[in-house]
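A look at the structure
Chain by chain, the residues:
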Amino acid sequence: MKTILKTVCAHCRKPMGETDGEGIEGNSHSICEDCWYERYPGLYPDWQQSLEAAVERVNMARLVWRIALLEENMKPVGCGDKP
Ligand SMILES: [Zn+2]
């Protein structure tokens, strides 16, 4: 029996094609190009370079958050500081 696996966008439900389900019938999810641009700007289409840039942004955000806590004389939690 031939089974079909339909791929739809996880965000907007746009159909993204069908593949042989190899025994599994149903839906699979991916993210369409439009939603990539809308929800994850900078992460498409140049995966490697963009991922590195995204990691850098996250590290920078952590640093800013930590400085903000220190300025409020609060101890950051879980940053590896020894008492
Ligand atoms: Zn979409």
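Quick look at the structure, then.

Basis of the calculations
- Residues numbered from 1 in each chain as written.
- Predicted model: local features only at pLDDT ≥ 70, side-chain atom pairs only at ≥ 80, totals over all residues.
- Helix = DSSP H or I, 4+ residues; strand = E, 2+ residues; numbered from the N terminus.
- Contact = placed C-beta atoms within 7 Å.
- Buried ≥ 20, exposed ≤ 12 C-beta atoms within 10 Å, placed from the backbone.
- Pairing = 2+ DSSP bridges.
- Axes fitted to C-alpha atoms, helices over the stretch in contact; angles between N-to-C directions.

1. Regarding the overall build of the chain
In terms of regular secondary structure, the chain is built from 2 helices and 3 strands. If you list the helices and strands of the chain from N to C, you get β-β-β-α-α. Considering only contacts in the chain between residues 6 or more positions apart, those separated by 24 or more positions represent 5%.

2. Looking at unusual backbone geometry
Look at Arg13: it is not a glycine, yet its phi comes out positive at around 65°. If you trace the backbone, Arg13 turns up in the loop between strand S1 (4-9) and strand S2 (15-20).

3. Focus on the environment of Tyr40
Within the element layout of this structure, Tyr40 appears in the loop between helix H1 (33-39) and helix H2 (47-71). By C-beta crowding, Tyr40 is classed as exposed, having 12 other C-beta atoms within 10 Å. When the C-alpha atoms of Tyr40 and Ala54 are compared, they prove to be 9.8 Å apart, with 14 residues separating the residues in sequence.

4. A look at the sheet that holds strand S3 (residues 26-30)
Read from one edge of the open sheet, 3 strands run S2-S1-S3, paired in mixed fashion. A strand with exactly one partner marks an edge of an open sheet, and here the two such strands are S2 and S3. Geometrically, the sheet is characterised by an average inter-axis angle of 30° between neighbouring strands, direction not taken into account. Bridge count between S1 and S2: 4 bridges; the pairing is antiparallel. Residue pairing across strands places Ile4 opposite Asp20, the latter belonging to S2.

5. Overview of the pairing of S2
Of all 6 residues making up S2, only 0 are buried, and the element is barely covered by its neighbours. Connecting S1 to the antiparallel partner S2 that follows it, the hairpin turn spans 5 residues, and Arg13 within it adopts a positive phi of roughly 65°.

6. Overview of the pairing of S3
Counted residue by residue, S3 has 0 buried out of 5 residues, so it is predominantly exposed. Pairing analysis gives 5 bridges linking S1 to S3, with the strands arranged parallel. Looking at the pairing, Lys6 lines up with Asn27 of S3.

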